Amino acid sequence: MSERTRGVLLLNLGTPASPSPRDVRRYLREFLGDPRVLDIPAPARFALLYGAILPFRPRTSAAAYAKVWRREGSPLLFHSRAQQAALAKALGDGYAVELAMRYGEPRIGAALDRLIAADVESIQVLPLFPQYAASSTGSALEAVYQEAGRRWNTPPLDVLGPFYQAPGYVDALVRVAGELPREHRPDHLLVSFHGLPERQVLKSDPSGSHCLARSSCCDAVGPHNRFCYRAHCFATARGLAAGLELREEHWTVSFQSRLGSTPWIRPYTDEVLPILAERGVRVLGVACPSFVADCLETLEEIGIRAREQWHGLGGQDLVLVPCLNDHPVWIEALARWVRSSRPLASAGD
């Protein structure tokens, strides 16, 4: 291998600069202004964003962020920085590791500039979205390609991923879930993924006849749904359940964080909780494997709001399974992928 340094660019979604309504509004304007996120005609997107979302949502979201904000800043940024540092240490000499967010800071362009200044021979781009979606992975990669193309000397890019069922990722999920203290071991595991509008899942189906056409459409990943976020989520959940040796009746998949009144992929997390309570589940574990770092959606939406809902339903406890963060098993998996340039979900580890 060449003695020149190899660059690694970790990509995550993003976070406001602070939990103030002003900073949250700025973040939401950039995030929801992305046509891959709000994939509706521009006039309708503008009207929805500036007429219905930005006048009201920033204050509500800011209050939610304030509940989980740390002295070090945003949980997502804090844990992502920890991943960056741990990966750099695991890779050792010969690698330069940078972190960028699709929205907000640190910016993709600035991260690319730092890698270029380090005279890297190539840049491995690793979107930290285990399950592919055009609104997350696709948007982040589009932004990287655009930023790289603006440089006169365009750096060579090598994209790694997705990794929704890669052994190193699933092994790390199993390890983290298995490390819950014995007194917090749940009766049932809810595997809650971030939601997605149904229309985006349908757009990912090249056949136009497979996704959401039948209840079994996500039982396996094949040619028609290889870009299907929902199918990737179910594949991740099956791998996690198998690794934990859970019987089928002891785990459930759901989807959280929906926005607006259009149909999102089902079942919805807040609608699954009453069903599980009626079935007699007392201690519920919730894992959120669409996130590799704890963030607002895990710490506040599940760790606070879903726990309150669960207690209101008569549940004894809701145990939030931590995200992978900088767990050593996860960092070692990332390092192996970077060294081998092979984190594909179907590949061996």
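Every chain is numbered independently, its residues counted from 1 as its sequence is written. Note on the predicted model: pLDDT of at least 70 is required for a residue's local features to be given, and 80 or more for side-chain atom pairs to be given and counted; whole-chain, interface and lining totals, by contrast, use all residues. The basis for every side-chain value is the complete set of heavy atoms in the structure, and neither hydrogens nor water enter the calculation.

A. Local environment of the overall build of the chain. In terms of regular secondary structure, the chain is built from 12 helices and 8 strands. Computed over its C-alpha atoms, the radius of gyration of the chain comes to 20 Å, within 12% of the 20 Å expected for a compact globule of 349 residues. Viewed in the frame of its principal axes, the chain has a C-alpha envelope of about 60 × 50 × 45 Å. For the chain, the proportion of its 349 residues judged to be buried stands at 51%. Whether two residues are in contact is decided by their heavy atoms: any pair within 4.5 Å suffices. Taking the contacts inside the chain whose residues are at least 6 apart along the sequence as the reference set, 74% of them involve residues at least 24 apart. In the structure as shown, the chain presents an accessible area of about 15,800 Å², 53% of it carried by carbon and sulfur atoms. Here a strand is any run of E in DSSP of at least two residues, a helix any run of H or I of at least four, and the numbering for each starts at the N terminus. The quantity called the radius of gyration is restricted to C-alpha atoms. Its globule counterpart is 2.2 Å times the number of residues to the power 0.38. Here's how the labels work: a residue is buried when its accessible area is under 20% of the maximum for its type, exposed when over 50%, partly exposed in between, all with a 1.4 Å probe on protein chains only. To measure how exposed things are, a 1.4 Å probe is used in the Shrake-Rupley method; for residues, cover is taken only from the protein chains shown.

B. Inspection of the sheet that holds strand β3 (residues 123-127) at higher detail. For two strands to be treated as a pair, DSSP must find at least two bridges joining them. The 4 strands lie next to each other as β2-β1-β3-β4, forming an open sheet whose pairing is parallel. With partners counted over all chains shown, the strands left at the sheet margins are β2 (95-103) and β4 (157-159), one partner each. Taking each pair of neighbouring strands and ignoring which way they run, the sheet shows an average axis angle of 25°. Where strand β1 (residues 6-14) and β3 come together, 5 bridges link them in parallel fashion. Bridge pairing links L9 to V125 in β3. Of the strands in this sheet, β1, β2 and β3 touch helix α5 (residues 108-117), which is tilted by about 165° from β2. In the packing of helix α12 (residues 328-340) onto the sheet, the strands contacted are β1, β2 and β3, and the crossing angle to β1 comes to about 130°. Axis geometry follows a simple rule: fit a line to the C-alpha atoms, using only the stretch in contact for helices, then measure angles between N-to-C directions, giving values from 0 to 180 degrees.

C. Spotlight on the side chain of S192. Examined against the element boundaries, S192 turns out to sit in strand β5 (residues 188-194). Taking relative accessible area as the criterion, S192 reaches 0% and is therefore assigned buried. Side-chain atoms alone can form a polar contact between residues adjacent in sequence; in general such a contact is a pair of N or O atoms within 3.5 Å, and within protein one must be able to donate a hydrogen while the other accepts it. Within the structure, the side chain of S192 is placed 2.7 Å from the side chain of Q256, a separation counted as a polar contact.

D. Main features of the sheet that holds strand β7 (residues 283-287). If you trace the 4 strands from one edge of the open sheet to the other, you get β6-β5-β7-β8, paired in parallel fashion. Every interior strand has two partners, whereas the edge strands, β6 (251-256) and β8 (317-320), have only one. Taking each pair of neighbouring strands and ignoring which way they run, the sheet shows an average axis angle of 30°. Across the sheet, helix α9 (residues 229-243) is in contact with β5, β6 and β7; its angle to β6 comes to roughly 145°.

E. Here's a closer look at the pairing of β3. Of all the 5 residues making up β3, 5 are buried; the element is thus mostly covered by neighbouring parts of the structure. Here β3 shows two buried faces, one formed by I123, V125 and P127 and the other by Q124 and L126. The β-α-β motif built from β3, the intervening helix α6 (residues 134-150) and the parallel element β4 has right-handed crossover chirality. We call a crossover right-handed when, viewed with the strands running away from us, the connection from the first strand over the helix to the second turns clockwise.

F. Quick look at the nonpolar core. By size, the foremost hydrophobic cluster in this structure holds 73 residues, and its most contacted members are L284, W330 and W337. Not counting residues within four places of it along the chain, the set of residues in contact with W330 comprises Q83, L128, F163, Y169, A172, V292, L324, N325 and W337. Core analysis: the next-biggest nonpolar cluster, separate from the first, contains 17 residues, L112, V120, A140 and A143 among them. As used here, the term nonpolar core means buried Ala, Val, Leu, Ile, Met, Phe, Trp, Tyr and Cys residues forming a set that is joined through side-chain atoms within 4.5 Å.

G. Highlighting the pairing of β6. Burial within β6 is extensive, with 6 of its 6 residues counted as buried. The two faces of β6 match: W251, V253 and F255 on one face and T252, S254 and Q256 on the other face are all buried. As defined by bridge partners, β5 adjoins β6 across 6 bridges and the pair is classed as parallel. Bridge pairing in β6 places L190 opposite T252.

H. Structural context of the packing of aromatic side chains. Two rings from Phe, Tyr or Trp (for Trp, the six-membered ring) form a pair when their centres sit within 6.5 Å of each other. Planes less than 30 degrees apart are called stacked, planes more than 60 degrees apart edge-to-face, and all others tilted. Within this structure, the stated rule accounts for 12 aromatic pairs. Measuring from ring centre to ring centre gives 5.9 Å for Y27 and F31, while their planes differ by 25°; the resulting arrangement is stacked. Of the two residues, Y27 and F31 both sit in helix α1 (residues 21-32), 4 residues apart, roughly one turn of that helix. Across this residue pair, the class does not change: Y27 and F31 are buried. Judged by centre distance (5.5 Å) and plane angle (65°), the ring pair of Y132 and F227 falls under edge-to-face.

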